[in-house]
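Per-entry structural report
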Amino acid sequence: KNINLLFLFILPSSTVSFSTRSSSLALRTLSTVRRSSVTLSPLVPLNNLHRHRNLHVQQRRRQQLSMTTLDADDGSKQKQKVKILGVCGGIGSGKSTACQLMVDSLGCMARIDADKLAHVVYEPGSKALDEIAEEFGKDVLDDNAQIDRKKLGAIVFSDANSMSKLEHIVWPHVRTKIEERIHEIKQENQSPTNNNIIIVEAALLLETDWHDLLDGLWVIQSSPKVATKRLVDSRGLTEEEAGVRIRAQKTRRGIGGVTSNNVGTVGENVVDDKLRKEMEDGVVTAVITNDGTLGQLQSLLEKALCDEASFKE
């Protein structure tokens, strides 16, 4: 997924940056001037976001991103290709907020939440649920024969081997659901005014080997300090519980390498060696460092959506 560094407005309040594949090779990652307190939470109402745009920006986005109908030589109508954009990132990075912004404020067709589809996969009587109960014991089921997420989470977030077993049970079932949902969305959105991008959100998308489904893959990353605050504020976790979950994902692909010590400095490169290699290999197509406000995040997302380098060639 190729990552290109797009133009970034230097805003005074916090650290947010965007990097694409071609720009990453030159290590031109930009960040805001001043380190500041966390102002972005996944639960901030999106309707509070400033939505006014210049006319030329609106026209440019419509030209580049909208699914228009084109007149073919034979007089028939031919739709532009629908792009599938994968978005991943660590817990508390704000990836869900980013995905919802792209749908609600930036005109993408739809968002597919792989975690929510996984819940469907877990439904009583499903093959996946039976496999999970067999692997982890029936104690991970509640009185209604449904997955007790807290109990299962306590097991898999504290043991990498258990997490790997769970993923290999669930991922094949989730991919099937994603493919079905993509087909449904394409059938539901035939209007030429709709955006031509469907977003697939999954925390560990890089590790699923679903790359053949995607036309681009973006990583949303944030510093542990910011991620911890979001988890405490939005999920009611203690700082210790949040830290355990963040550290459990630290070595996973696509989580990003921002630390508390390498954000907030002008010109600071916030893409670690592993993630940079994913960019150079064309696996990751864009990286967005999200330690700032909703407005800053939306600005970066809009630039990325308008940049062809944020998608596979």
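Not measured: the values here are computed from a predicted model. (Residues numbered from 1 in each chain as written. Predicted model: local features only at pLDDT ≥ 70, side-chain atom pairs only at ≥ 80, totals over all residues. Heavy atoms only, no water.)

What to know about the overall build of the protein chain
In terms of helices and strands, the protein chain carries eleven helices and eight strands. In the protein chain, which comprises 313 residues, the share counted as buried stands at 51%. Expressed as a percentage of contacts within the protein chain between residues at least 6 apart in sequence, the contacts between residues at least 24 apart total 73%. For the protein chain, the exposed surface amounts to about 15,400 Å²; the carbon and sulfur share of it is 50%. (Helix = DSSP H or I, 4+ residues; strand = E, 2+ residues; numbered from the N terminus. Buried < 20%, exposed > 50% of the residue type's maximum accessible area, 1.4 Å probe, protein only. Contact = heavy atoms within 4.5 Å. Areas by Shrake-Rupley, 256 points an atom, 1.4 Å probe, with all protein chains shown as cover.)

Describing the environment of G94
Relative to the helices and strands, G94 resides in the loop between β4 (83-89) and α3 (95-104). Residue G94 is classed as buried on the basis of its relative accessible area, which comes to 7%. Residues G94 and R230, spaced 136 residues apart in sequence, show a C-alpha to C-alpha distance of 8.2 Å. In contact with G94, not counting residues within four places along its chain, are I220, R230 and N290.

Here's the deal with the packing of helix α4 (residues 114-121) against helix α7 (residues 160-188)
Their axes nearest at 9 Å, the elements α4 and α7 cross at an angle of 110 degrees. Here α4 is positioned roughly perpendicular relative to α7, judged by the angle of their axes. Together, A114, L117, A118, V120 and V121 of α4 and V170, H173, V174, K177 and I178 of α7 make up the contact between the two elements. When its residues are assigned to classes, the contact of α4 with α7 shows eight nonpolar, one polar and one charged. (Axes fitted to C-alpha atoms, helices over the stretch in contact; angles between N-to-C directions. Parallel < 35°, antiparallel > 145°, perpendicular 65-115°, else oblique. Nonpolar A, V, L, I, M, F, W, Y, C, P; charged D, E, K, R; others polar.)

Section: the packing of aromatic side chains
Within this structure, the stated rule accounts for one aromatic pair. Their ring planes at 55 degrees and their centres at 6.0 Å tell us that W218 and F311 sit as a pair that is tilted. Placement of W218 in strand β7 (residues 216-221) and of F311 in the segment after α11 (294-305) is noted, with a sequence separation of 93 residues between them. With respect to burial, W218 and F311 carry one shared label: buried. The lysine or arginine in question, K83, covers the ring of F311, its NZ or CZ lying 4.4 Å from the ring centre. (Phe/Tyr/Trp six-rings, centres within 6.5 Å; stacked < 30°, edge-to-face > 60°. Lys NZ or Arg CZ within 6 Å of the ring centre and 35° of its normal.)

Side note on the nonpolar core
Formed by 49 residues in total, the largest nonpolar core has its most connected members in I132, V174 and I178. Counting residues per element, this core draws most heavily on α7, which supplies nine residues. Non-local contacts of I178, meaning those with residues more than four positions away in its chain, are made with I112, A114, L117, V200, W210 and L213. V87, L101, I199 and L301 belong to the second largest nonpolar core, which has 21 residues in total. (Core = buried A, V, L, I, M, F, W, Y, C linked by side-chain atoms within 4.5 Å.)

Things to note about the pattern of salt bridges
A side chain of one charge can pair with a side chain of the opposite charge when the charged atoms of the two come close. One pass over the full model with this rule turns up eleven salt bridges. As a salt-bridge pair, R175 and D212 come within 2.8 Å of each other at their nearest N and O atoms. Note that R175 is positioned in helix α7 and D212 in the loop between β6 (197-201) and β7, a separation of 37 residues in sequence. Under the relative-accessibility criterion, R175 is labelled buried at 19%. Look at the salt bridges and you will find they share partners, linking R111, D113 and E201 into a network. (Salt bridge = Lys/Arg side-chain N within 4 Å of Asp/Glu carboxyl O.)

Some thoughts on the confidence of the model for the protein chain
Taken over all residues, the pLDDT of the protein chain has a mean of 75, while the share at 70 or more is 68%. Element-level mean pLDDT values for the protein chain span from 37 in strand β2 (residues 69-71) up to 96 in β6. Segment residues 1-14 is flagged for pLDDT under 50; beyond a separation of four residues in sequence, or across chains, it makes 86 contacts in the model. (pLDDT = per-residue confidence, 0-100.)

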